[in-house]
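# Chains, contacts and geometry: an overview
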Amino acid sequence: MNVAKLLAEHQPQWRELEAFCDAFEVRGKAAASVPADRRGAEGVAKFASLYRGACADLALADAYQLPPTTVTYLHRLVARAHNQLYRSETLSNRWVDTLFRQAPQQIFADPCVRVASLIFFGLFTLGLVMAYNQNAFPSYVETVIGEDQMEVMQDMYEEPLQGSMSHYVPMAGFYIWNNTGIGLQCFAYGILLLPCLFVLAFNAVFLGSVFGFMAREETVGSDHFYEFVTAHGPFELTAIALAAAAGLRLGLGLFATAG
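A short tour of the structure in this document, coming up. No experiment lies behind these values; they were computed from the predicted model shown.

## A look at a negative patch on the surface
- A grouping of Glu-147, Asp-148, Glu-151, Asp-155, Glu-158 and Glu-159 is seen on the molecular surface, where their side chains present a negatively charged patch.
- Here Asp-155 lies in helix α8 (residues 147-156).

Structure below.
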């Protein structure tokens, strides 16, 4: 057997394995640059096959005492491939990758999340604009929120935030109770689909109208209101949309079973 000729024929596989190593080593820094054929399960299977072939070629090169440059190159190539195939990841790295890369991509790729977010934030914005523009929609706020609720909101934020626990805790408790309750309703009604969309849309319009009313210059306590709610409002509003999306996903699962 002409080992030198055989190994020369395997050089394209070595270069391909080297390209795999290059791609995997920059995966965390420039994942977009990794070719599609080197991603996923098929890419890993191909990489493992090339690695085994390189190990066999290294054994032949050692046994038949081929030129040291060839042996050294194969040693380095096999070592690089081994480090990539059997590399270890710390638990913290896996959690960070799951929380900040995998989970957001999977969540916001779900059609239910997109539909719920579009309905909620679209109607929220619409309600905010209509409530703020008093000249164009003079009786809108009174119809949607009600005069009693308008007075309650102004009385609640008429005074500056006191900065004491006795002041913050009841207010925070009110918003947690209210917004968490809305999210749980949307989730629970999701199994029925249409009631979930109705609750989501109604609260989007109502909350948006409250924000629009409190944004008016003549509204008492508008500055104090936004000083308080902007710190936690984005998280709570997003949670409502996600809760509705989770409910919709359960509801659709009764019909779209995928076999």
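## What to know about a nonpolar patch on the surface
- Side chains of Phe-187, Tyr-189, Ile-191, Leu-192, Leu-250, Leu-254 and Phe-255 sit close together on the surface and give an oily, nonpolar patch of about 720 Å² of accessible area.
- Looking at the secondary structure, you find Tyr-189 in helix α9 (residues 165-189).
- Classification of Tyr-189 as partly exposed rests on a relative accessible area of 37%.

## As for the packing of aromatic side chains
- Following the criterion strictly, the structure yields 12 aromatic pairs and no others.
- Both rings, one in Trp-14 and one in Tyr-73, keep their centres 6.0 Å apart while their planes meet at 45°; by these two values the pair is tilted. Residue Trp-14 is found in helix α2 (residues 11-25), and its partner Tyr-73 is found in helix α4 (residues 68-85); the two are separated by 59 residues along the sequence.
- Looking at Tyr-73, the relative accessible area reads 29%, which means it is partly exposed.
- When the centroid spacing of 5.2 Å and the interplanar angle of 90° are considered together, the rings of Tyr-157 and Phe-225 count as edge-to-face.

## Thoughts on the pattern of salt bridges
- By the definition in use, this model includes three salt bridges.
- In this structure, the salt-bridge partner of Arg-249 is Asp-110, at a minimum N-O distance of 2.9 Å. On the criterion of sequence distance, the pair formed by Arg-249 in helix α12 (residues 233-253) and Asp-110 in the loop between α5 (91-108) and α6 (111-132) is long-range, its members being 139 residues apart.
- Note on Arg-249: relative accessible area 37%, which makes it partly exposed.

About the cut-offs
Residues numbered from 1 in each chain as written. Predicted model: local features only at pLDDT ≥ 70, side-chain atom pairs only at ≥ 80, totals over all residues. Heavy atoms only, no water. Patch = residues over 30% accessible without salt bridge, like charges linked within 9 Å, V, L, I, M, F, W, Y side chains within 5 Å. Areas by Shrake-Rupley, 256 points an atom, 1.4 Å probe, with all protein chains shown as cover. Salt bridge = Lys/Arg side-chain N within 4 Å of Asp/Glu carboxyl O. Lys, Arg positive; Asp, Glu negative; His and termini not counted. Charge placed at Lys NZ, Arg CZ, Asp CG, Glu CD. Helix = DSSP H or I, 4+ residues; strand = E, 2+ residues; numbered from the N terminus. Buried < 20%, exposed > 50% of the residue type's maximum accessible area, 1.4 Å probe, protein only. Phe/Tyr/Trp six-rings, centres within 6.5 Å; stacked < 30°, edge-to-face > 60°.

So far we have only geometry, and geometry alone does not tell us how the molecule works.
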